[in-house]
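Fold and contact review
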Amino acid sequence: MPIIDHFGLLAPLYEIFIPPKDPEELSMLADLPTSGALLDAGGGTGRVAQFMLEKANHVVVADLSCKMLAEASQKEGLQPVCSPTETLPFSDNSFQRIIMVDTLHHVFDHQMTINELWRLLAPGGIIVIEEPDMRAFSVKLIAIAEKLALMRSHFLAPPQITALFDFPNACLEIKKNKSTVYIIAKKQNFTG
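Residues numbered from 1 in each chain as written. Predicted model: local features only at pLDDT ≥ 70, side-chain atom pairs only at ≥ 80, totals over all residues. Heavy atoms only, no water.

Thoughts on the overall build of the chain
- Each helix and strand in the chain was counted, giving seven helices and seven strands.
- Taken from N to C terminus, the helices and strands of the chain fall in the order α-α-α-β-β-α-β-β-α-β-α-α-β-β.
- When each of the 192 residues of the chain is scored for burial, the buried share is 51%.
- Nonlocal contacts in the chain, meaning residues at least 24 apart in sequence, comprise 63% of its contacts between residues at least 6 apart.
- Carbon together with sulfur atoms contributes 59% to the accessible area of the chain, which is approximately 9,400 Å² in total. (Helix = DSSP H or I, 4+ residues; strand = E, 2+ residues; numbered from the N terminus. Buried < 20%, exposed > 50% of the residue type's maximum accessible area, 1.4 Å probe, protein only. Contact = heavy atoms within 4.5 Å. Areas by Shrake-Rupley, 256 points an atom, 1.4 Å probe, with all protein chains shown as cover.)

Thoughts on the pairing of strand E2 (residues 58–63)
- Of all six residues that make up E2, five are buried, and the element is covered over most of its length.
- Both strand E1 (residues 37–41) and E2 contribute to a ladder of five bridges, which runs parallel. Within E2, the residue paired with Ala 37 across the bridge is His 58.
- Taken together, the five bridges between E2 and strand E3 (residues 78–82) define a ladder with parallel strand orientation. The residue of E3 that forms the bridge with Val 59 is Leu 78.
- Once you follow E2 into helix H4 (residues 66–72) and on to E3, the crossover reads as right-handed. (Pairing = 2+ DSSP bridges. Right-handed = clockwise from strand over helix to strand, strands pointing away.)

Observations concerning the pattern of salt bridges
- Tallied over the full model, the rule gives six salt bridges.
- Note that Glu 24 is salt-bridged to Lys 55, the shortest N-O span being 3.2 Å. Of this pair, Glu 24 sits in helix H3 (residues 24–29) while Lys 55 sits in the loop between E1 and E2, placing them 31 residues apart in sequence.
- Taking the relative accessible area as the measure of exposure, Lys 55 reaches 16% and is therefore buried.
- The closest approach of N and O atoms between Glu 116 and Arg 119, which form a salt bridge, is 2.8 Å. Placement of both Glu 116 and Arg 119 in helix H5 (residues 110–120) is noted, with a separation of three residues, approximately one turn of the helix.
- For Glu 116, a relative accessible area of 10% puts it in the buried group.
- Residue classification places Arg 119 among the partly exposed residues on the basis of a relative accessible area of 26%. (Salt bridge = Lys/Arg side-chain N within 4 Å of Asp/Glu carboxyl O.)

Here we look at the sheet that holds E1
- An order of E3-E2-E1-E4-E5-E7-E6 is seen for the seven strands of this open sheet, with the pairing classed as mixed. Two strands bound the open sheet, and with one partner strand each, they are E3 and strand E6 (170–177). Geometrically, the sheet is characterised by an average inter-axis angle of 20° between neighbouring strands, direction not taken into account.
- Against the sheet, H5 engages E1, strand E4 (95–101), strand E5 (121–132), E6 and strand E7 (180–187), with an angle of about 145° to E5. (Axes fitted to C-alpha atoms, helices over the stretch in contact; angles between N-to-C directions.)

As for the nonpolar core
- Ranked by size, the top nonpolar core spans 28 residues in total, and within it Leu 39, Ile 98, Ile 127 and Phe 165 carry the most contacts.
- Taken together, the elements giving at least two residues each to this core come down to E1, E2, E4, H5, E5 and E7.
- The element best represented in this core is H5, accounting for four residues.
- Residues contacting Ile 98, with those up to four places away along its chain left out, are Leu 39, Ala 41, Leu 117, Leu 120, Leu 121, Ile 126, Ile 127 and Val 128. (Core = buried A, V, L, I, M, F, W, Y, C linked by side-chain atoms within 4.5 Å.)

Structural notes on the environment of Glu 25
- Position of Glu 25 among the secondary structure elements: in helix H3.
- A sequence separation of 152 residues divides Glu 25 from Asn 177, and the C-alpha atoms of the two residues are 9.7 Å apart.
- In this structure, Glu 25 is in contact with Asn 177 and Tyr 182, ignoring residues within four places of it in sequence.
- In this structure the side chain of Glu 25 is engaged in a polar contact, spanning 2.8 Å, whose partner is the side chain of Asn 177. (Polar contact = N/O pair within 3.5 Å; in protein donor to acceptor, adjacent residues only side chain to side chain.)

Right under this line is the structure:
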């Protein structure tokens, strides 16, 4: 089966088809602002990260699609990094906040991605994963459409996502807004 660079093809038009939405809910769930650095993992064109520039001292957008990141690089203040979410080129505890918006279902390996994000999160930090709720009928239709478009999407239900955070110092919460779920993972300051 041929591999199609869906996001590379969509990059110049991505924000027309999927416009940025009000970042206030995400900001609130991530407990922003923060004096630390923020990572938008799988952040593509920076459509969300661009609204976080005033809410963190440094904002990085990491994505596998260099064409999407070319769009992000046109937004002043964002630092684009081309990398898969499973192996990000940052040291342990580099980020006080990590967001992942509408991305987890696109990654190659869910568990490796969560392990990597957890490695990068500083103690006391917060990860917010925003995903379509696979339990909603409209999301099931989207999942079918992405399969027909030969995308490698694999949607998870919220309990499946929280199960990926099997860390002794993880404090988890699930919030729902219509057909969107937010998994909020706080890294407590202890490890045992």
